[in-house]
Amino acid sequence: MSSSSSSSSSSSSSSSSSSSLPPQTLKIGIVGFGTFGQFLAKTMIKQGHTTRATSRTDYSQLCHQLDVPFFGDVIPFLEADNDVILICTSILSLSKVLNSMPLRRLKRHTLFVDVLSVKEHPRNVLLQVLPENMDVLCTHPMFGPESGKNGWKDLPLVYEKVRVRDETRCSSFLHIFESEGCRMVEMSCEEHDKVAARSQFLSHSIGRILAEMGIESTSMNTKSFETLIKLKESAANDSFDLFSGLFIHNRFAQLELMNLEQSFEKVKQRLLKKMSEQQSHRSV
Ligand SMILES: NC(=O)c1ccc[n+]([C@@H]2O[C@H](COP(=O)([O-])OP(=O)(O)OC[C@H]3O[C@@H](n4cnc5c(N)ncnc54)[C@H](OP(=O)(O)O)[C@@H]3O)[C@@H](O)[C@H]2O)c1
């Protein structure tokens with residue numbers, strides 16, 4: 001038995017996070033069966049894990065097609081024999097969803113895993129609402145249904161073992177991603193949010209700004225402009241809830257938005273200064 005604390009700020013890339021025991025087949029209960037929950041479930045089912053789902057929307061028909069039991073009522077879902085409860089709700093609804101779950105109904109020690117695109121927020125909420133005997137693993141698969149549609153090879157899975165006593169179960173869960181060829185990146189939630197604000201949030205923001213400007217492909221696209229079109233389209237694939245969650249629940253994203261605004265203003269001022277220099281030269 002071992003546990004690792006949430007205070008670690010080290011970041012590292014590792015090819016294997018497995019314990020020495022072979023990976024277990026897991027019973028995984030998914031909370032939030034929207035786009036991303038369904039996307040993850042398909043690979044878990046393919047690997048032979050058992051999945052079941054609960055969600056705000058009634059997905060019973062879709063679940064029937066996937067052979068995934070759907071629970072409209074959260075109580076029998078919690079009372080089902082889950083090794084892992086996988087939280088795939090939106091960033092904005094996380095607190096409400098978790099606080100509305102009667103967690104005392106859990107019959108056994110369970111590993112709670114979240115996949116939210118911010119990390120300090122779910123870590124704090126999970127530590128606050130869960131009984132002490134529940135394990136917590138915070139993850140962020142840095143890909144989605146579009147970028148991962150042809151497999152997950154070399155795509156990063158960022159994770160922090162926030163409170164893990166059952167290492168075998170945790171390793172078995174991480175093995176789902178390892179065995180698909182993901183690049184396993186162990187990193188504190190704080191470090192994740194810092195880096196993601198300057199990479200993922202920034203690219204989403206620029207993509208949204210380009211969409212707001214209504215840029216479209218032309219008959220004379222440069223390669224750089226094609227990159228901008230792709231950025232615009234990629235931002236549009238994610239819900240506005242997801243994008244606003246990246247901003248509201250990542251303290252570093254708020255700094256980066258200010259940074260973006262100030263940098264835009266600096267570039268604009270340099271251009272205006274140059275223009276006025278040119279105009280004064282012409283008038284001499
Ligand atoms: N999409 C990606 O590429 C990607 C990649 C990595 C991580 N993630 C993370 O995965 C999670 C899910 O992402 P997503 O792409 O599926 O879209 P999303 O818009 O971020 O979340 C949709 C999910 O949240 C649930 N939800 C939204 N508002 C709710 C409310 N008020 N009460 C209860 N449930 C609510 C939805 O339930 P219903 O469907 O039942 O309405 C659905 O399951 C997010 O936390 C996101 O940050 C997404």
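Residues numbered from 1 in each chain as written. Predicted model: local features only at pLDDT ≥ 70, side-chain atom pairs only at ≥ 80, totals over all residues. Heavy atoms only, no water.

**Q** Outline the overall build of the protein, supporting the account with residue identities and numerical values.
**A** On a plain count of helices and strands, the protein comes out with 11 helices and 9 strands. Taken along its principal axes, the extent of the C-alpha atoms in the protein is 85 × 40 × 35 Å. Contacts in the protein between residues far apart in sequence, at least 24 positions, make up 73% of those at least 6 positions apart. Split by element, the accessible area of the protein, about 15300 Å² in all, is 54% carbon and sulfur. Both charge centroids of the protein, one from 32 positive and one from 31 negative side chains, sit 3 Å from each other. (Helix = DSSP H or I, 4+ residues; strand = E, 2+ residues; numbered from the N terminus. Contact = heavy atoms within 4.5 Å. Areas by Shrake-Rupley, 256 points an atom, 1.4 Å probe, with all protein chains shown as cover. Lys, Arg positive; Asp, Glu negative; His and termini not counted. Charge placed at Lys NZ, Arg CZ, Asp CG, Glu CD.)

**Q** Lay out the site of the ligand with the relevant residues and their values.
**A** Near the ligand you find 27 residues, and of these Ser55, Tyr59, Thr89, Ser117 and Ser239 are the closest. A distance of 3.4 Å is found between an oxygen atom of the ligand and a backbone nitrogen or oxygen belonging to Phe33. A distance of 2.4 Å separates an oxygen atom of the ligand from a polar side-chain atom of Tyr59. Of the pockets mapped on this structure, the ligand occupies the largest pocket. Going through the elements one at a time, helix 1 (35-46), helix 4 (94-99) and strand 7 (135-141) are the ones with two or more residues in the shell around the ligand. Tallied by class, residues from the shell around the ligand come to 12 nonpolar, 12 polar and 3 charged. Split by domain, the residues of the shell around the ligand number at least three in each of domain 1 (12-187) and domain 2 (192-264). (Near = heavy atom within 4 Å. Polar contact = N/O pair within 3.5 Å; in protein donor to acceptor, adjacent residues only side chain to side chain. 1 Å grid on protein atoms, 1.4 Å probe; cavity = no way out; pocket = protein on both sides within 12 Å on 5 of 7 lines; lining within 4 Å. Sits in = over half its atoms within 2 Å of the grid points. Nonpolar A, V, L, I, M, F, W, Y, C, P; charged D, E, K, R; others polar. Domains from an automatic or database assignment.)

**Q** Tell me about the packing of aromatic side chains, residues and numbers included.
**A** Across all of its chains, the model carries 12 aromatic pairs by this definition. Their ring planes at 55° and their centres at 5.8 Å tell us that Phe173 and Phe177 sit as a pair that is tilted. Residue Phe173 and its partner Phe177 are both found in helix 6 (residues 167-178); the two are separated by 4 residues, about one turn of the helix. Accessibility classification places Phe173 together with Phe177 in one group, the buried group. Relative to Phe243, the ring of Phe201 has its centre 5.9 Å away and its plane inclined at 15°; by these criteria the two rings are stacked. Of the two residues, Phe201 sits in helix 8 (residues 200-213) while Phe243 sits in helix 10 (residues 240-248), which places them 42 residues apart along the sequence. For the pair Phe201 and Phe243, one class covers both residues: buried. (Phe/Tyr/Trp six-rings, centres within 6.5 Å; stacked < 30°, edge-to-face > 60°. Buried < 20%, exposed > 50% of the residue type's maximum accessible area, 1.4 Å probe, protein only.)

**Q** Which residues make up the pattern of salt bridges, and what are the values?
**A** Inspection of every chain in the model, using the stated rule, returns 23 salt bridges. The partner of Asp135 in a salt bridge is Arg165, and the shortest N-O contact between them spans 3.2 Å. In this pair, Asp135 sits in strand 7 while Arg165 sits in the loop between strand 8 (156-163) and helix 6, placing the two residues 30 residues apart along the sequence. Owing to a relative accessible area of 2%, Asp135 belongs among the buried residues under this scheme. (Salt bridge = Lys/Arg side-chain N within 4 Å of Asp/Glu carboxyl O.)

**Q** Which residues make up the nonpolar core, and what are the values?
**A** Counting residues in hydrophobic clusters, the biggest one holds 34 residues, and the most contacted among them are Leu40, Leu86, Phe173 and Phe177. Of all the secondary structure elements, the ones that give two or more residues to this core are strand 2 (27-31), helix 1, strand 5 (84-87), strand 6 (111-114), strand 8 and helix 6. Here Leu40 is in contact with Leu86, Cys88, Val115, Trp152 and Phe177, once residues within four sequence places are set aside. (Core = buried A, V, L, I, M, F, W, Y, C linked by side-chain atoms within 4.5 Å.)

**Q** Lay out the packing of helix 8 against helix 9 (residues 223-237) in plain terms, naming residues and giving numbers.
**A** Their axes nearest at 8 Å, the elements helix 8 and helix 9 cross at an angle of 100°. What the angle tells us is that helix 8 and helix 9 run roughly perpendicular. Here Ser203, His204, Ile206, Gly207, Arg208, Leu210 and Ala211 of helix 8 come into contact with helix 9, specifically with Leu228, Leu231, Lys232 and Ala235. Its residues placed into classes, the contact of helix 8 with helix 9 shows 6 nonpolar, 3 polar and 2 charged. (Axes fitted to C-alpha atoms, helices over the stretch in contact; angles between N-to-C directions. Parallel < 35°, antiparallel > 145°, perpendicular 65-115°, else oblique.)

**Q** Residue-level account of the UniProt feature "domain: Prephenate/arogenate dehydrogenase" (unreviewed entry) in the protein, with values.
**A** Residues given the UniProt feature "domain: Prephenate/arogenate dehydrogenase" (unreviewed entry) here are residues 26-284. Helix and strand shares over residues 26-284 are 52% and 15% respectively, and the end C-alpha atoms of the span are 79 Å apart. (UniProt positions renumbered as here; feature names shortened; annotations may be inferred.)

**Q** How would you summarise helix 8 if you had to cite specific residues and measurements?
**A** If you check helix 8, its first and last C-alpha atoms are 20 Å apart, about what 14 residues at 1.5 Å a residue would give, namely 20 Å. Taken as a whole, helix 8 has its buried residues at Gln200, Phe201, His204, Ser205, Gly207 and Leu210. Its buried side turned inward, helix 8 meets strand 7, helix 7 (189-198), helix 9, helix 10 and helix 11 (251-283). In the segment just after helix 8, Gly214 is the residue with positive phi, at about 70°. (Expected span 1.5 Å × (residues − 1).)

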